[in-house]
Amino acid sequence: MRGSALLVLAAACLLTATGAGSAAGWQQQDEGTSVETDDGQFEIGVWIEVDVPGASAPAPNPANPSRPPCYFQQGDSTELNAWLDNGYVVDPNPDEVYVFKLCETDDDTRLVTFWVYRPALPQGPPPPTFMETTRLRNEAWGRLAIPEPTALTAPAEIAVVQLPTYVWVSAADRTPVSETVATSLDGHELTLTATASPRRLGFLRIDMGDGNTLWCDADDVVAFDHSRDPLNQPSNCFHYYRHSSVRRPDLRYQVALTAFWEISVVCVFDGGPCTNPPPAVPTQALAALPHPIGVVEIQALASPG
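Rules of the game
Residues numbered from 1 in each chain as written. Predicted model: local features only at pLDDT ≥ 70, side-chain atom pairs only at ≥ 80, totals over all residues. Heavy atoms only, no water. Phe/Tyr/Trp six-rings, centres within 6.5 Å; stacked < 30°, edge-to-face > 60°. Helix = DSSP H or I, 4+ residues; strand = E, 2+ residues; numbered from the N terminus. Buried < 20%, exposed > 50% of the residue type's maximum accessible area, 1.4 Å probe, protein only. Core = buried A, V, L, I, M, F, W, Y, C linked by side-chain atoms within 4.5 Å. Contact = heavy atoms within 4.5 Å. Disulfide = S-S within 2.5 Å. Pairing = 2+ DSSP bridges. Axes fitted to C-alpha atoms, helices over the stretch in contact; angles between N-to-C directions. Salt bridge = Lys/Arg side-chain N within 4 Å of Asp/Glu carboxyl O.

**Student:** Lay out the packing of aromatic side chains in plain terms, naming residues and giving numbers.
**Tutor:** Here the distance between the centres and the angle between the planes together describe a pair of aromatic rings. The final tally for this structure, using the stated rule, is 7 aromatic pairs. Both rings, one in Trp215 and one in Phe260, keep their centres 5.8 Å apart while their planes meet at 25°; by these two values the pair is stacked. With Trp215 in strand 16 (residues 213-216) and Phe260 in strand 18 (residues 253-269), the pair connects residues that are 45 residues apart, well separated along the chain. Given a relative accessible area of 11%, Phe260 falls into the buried group. On the numbers, 4.9 Å between centres and 5° between planes, the contact of Tyr241 with Tyr253 is stacked. On the criterion of sequence distance, the pair formed by Tyr241 in the loop between strand 17 (238-240) and strand 18 and Tyr253 in strand 18 is long-range, its members being 12 residues apart. Across this residue pair, the class does not change: Tyr241 and Tyr253 are buried.

Below, the structure is given as structure tokens:
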């Protein structure tokens, strides 16, 4: 047995009793023990030491003091179970390594003590720091091409009081966008993806120019369908003007639209989620250029009868 091949690790030894024995009968020790082998001396004090019930090391033989009555041997769980008696067995575990203390008697060689360790699992790479994930988040965030909105209305230029005026943005102005940034840390891959999506509730805030503000959810921002009746549209983003714009500058109301985008960030390190994810990105607000719209009143003559 080569002492250099032994790792100094602590582990649990799982014992199963059959027959008359009991696992509680095993006496586990963790006292420091120095073992002399053919390759020199090594310490096994931090291993789990188990004394075999009913077995003890014989006293040295005064007639032959140069020959020690006990020696040490390395083996696996199969070899250990071959040495055990009294109904005790050890559950097989290919990852465990054992050291046996074997003692010779007049008529037999017996196992009196053994030590066990379970090798530690290989440690993974150190996780990226909070500063590293935040730096990548800022880089991906900075690359996001969130579209600047353009306010669209129906009617496009001249609206009529007491009839709905619809407001929306184009499909391109409400399509999610993503950016991914990747880097290598000591041969391990760190990727961060930032995705901007229209805020589901309260996507558009629209100042209609007459003192009224309209809030529209993302699902309600639908383009006006010219093939349908103006009073039967799929959109719920509309406003009724009550007064004409005749007293406004340029005879028009200025429709001011702001779109709100939520940013989600996904951080992945070596195929799994980052343990030091970056902070959340605040909601982004993008304003459209003012959209002028005139509002008129329709005068009608009514005759009795």
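**Student:** I'd like to hear about the nonpolar core, residue by residue, with values.
**Tutor:** One finds Leu204, Ile206 and Leu257 to be the most contacted residues of the largest nonpolar core, which totals 41 residues. Every element with two or more residues in this core is listed here: helix 2 (130-143), strand 12 (164-168), strand 14 (188-198), strand 15 (204-207), strand 16, strand 18 and strand 21 (291-296). Considering every element that reaches this core, the biggest residue donor is strand 18, with 8 residues. Beyond its immediate stretch of four places on either side in the chain, Ile206 contacts Val167, Asn212, Thr213, Leu214, Cys216, Cys237, Val255, Ala256 and Leu257.

**Student:** I'd like a description of the state of the cysteines, backed by residues and values.
**Tutor:** A covalent bond bridging the sulfur atoms of two cysteines is what the word disulfide describes. Considering all chains together, one arrives at 3 disulfides under this definition. Covalent S-S linkage joins Cys70 and Cys103, the inter-sulfur distance amounting to 1.9 Å. Because the torsion about its S-S bond is 105°, the bridge between Cys70 and Cys103 counts as right-handed. Taken as a pair, Cys70 in strand 6 (residues 70-75) and Cys103 in strand 8 (residues 97-104) lie far apart in primary sequence, 33 residues in all. Neither Cys70 nor Cys103 differs from the other in exposure class; each is buried. Paired through a disulfide, Cys267 and Cys274 show a sulfur-sulfur distance of 2.1 Å. For the disulfide bridge between Cys267 and Cys274, the dihedral angle about the S-S bond is near -70°, and by the sign convention the bridge is left-handed. Residue Cys267 is classed as buried on the basis of its relative accessible area, which comes to 9%.

**Student:** Give a description of the sheet that holds strand 12 that names residues and reports values.
**Tutor:** Pairing between the strands of a sheet comes from backbone hydrogen bonds, and it takes one of two forms, parallel or antiparallel. With antiparallel pairing, 3 strands are arranged side by side in an open sheet as 10-12-17. Because the sheet does not close on itself, it has two edges, and the strands there are strand 10 (152-154) and strand 17. Along the sheet, successive strands turn relative to each other by an average axial angle of 25°, direction set aside. Strand direction decides the pairing type here: strand 10 and strand 12, joined by 3 bridges, are antiparallel. Residue pairing in the sheet places Leu152 in a bridge with Trp168 of strand 12.

**Student:** Before we move on, could you go through the pattern of salt bridges and cite the residues and values that matter?
**Tutor:** Enumeration according to the criterion identifies 2 salt bridges in this entry. Among the ionic pairs, Glu139 bridges to Arg135, the shortest N-O distance being 3.9 Å. A residue pair is termed a helical-turn pair when its members lie 3 or 4 positions apart in one helix, as Glu139 and Arg135 do in helix 2 at 4 residues. Its relative accessible area of 30% is what places Glu139 among the partly exposed residues. Taking the relative accessible area as the measure of exposure, Arg135 reaches 44% and is therefore partly exposed. With its nearest N and O atoms 2.7 Å apart, the salt bridge here joins Arg143 to Glu139. Pair noted here: Arg143 and Glu139 are both in helix 2, with a separation of 4 residues, about one helical turn. Each of Arg135, Glu139 and Arg143 takes part in one network of salt bridges that share partners.

**Student:** Describe in detail the environment of Phe100, supporting the description with residues and values.
**Tutor:** Following the sequence through the fold, Phe100 ends up in strand 8. As a C-alpha pair, Phe100 and Val116 span 16 residues in sequence and 8.9 Å in three-dimensional space. Apart from residues no more than four positions distant in its own chain, Phe100 is found in contact with Tyr71, Phe72, Gln73, Gly75, Asp76, Glu79, Leu80, Trp83, Leu111, Thr113 and Phe114.

**Student:** Run through the pairing of strand 8, naming residues and quoting values.
**Tutor:** Looking along a regular strand, one sees the side chains alternate between the two faces of the sheet. Counting buried positions over the 8 residues of strand 8 gives 6, a clear majority of the element. Where strand 6 lies against strand 8, 6 bridges are found, and the strand directions are antiparallel. Bridge pairing in strand 8 places Cys70 opposite Cys103.

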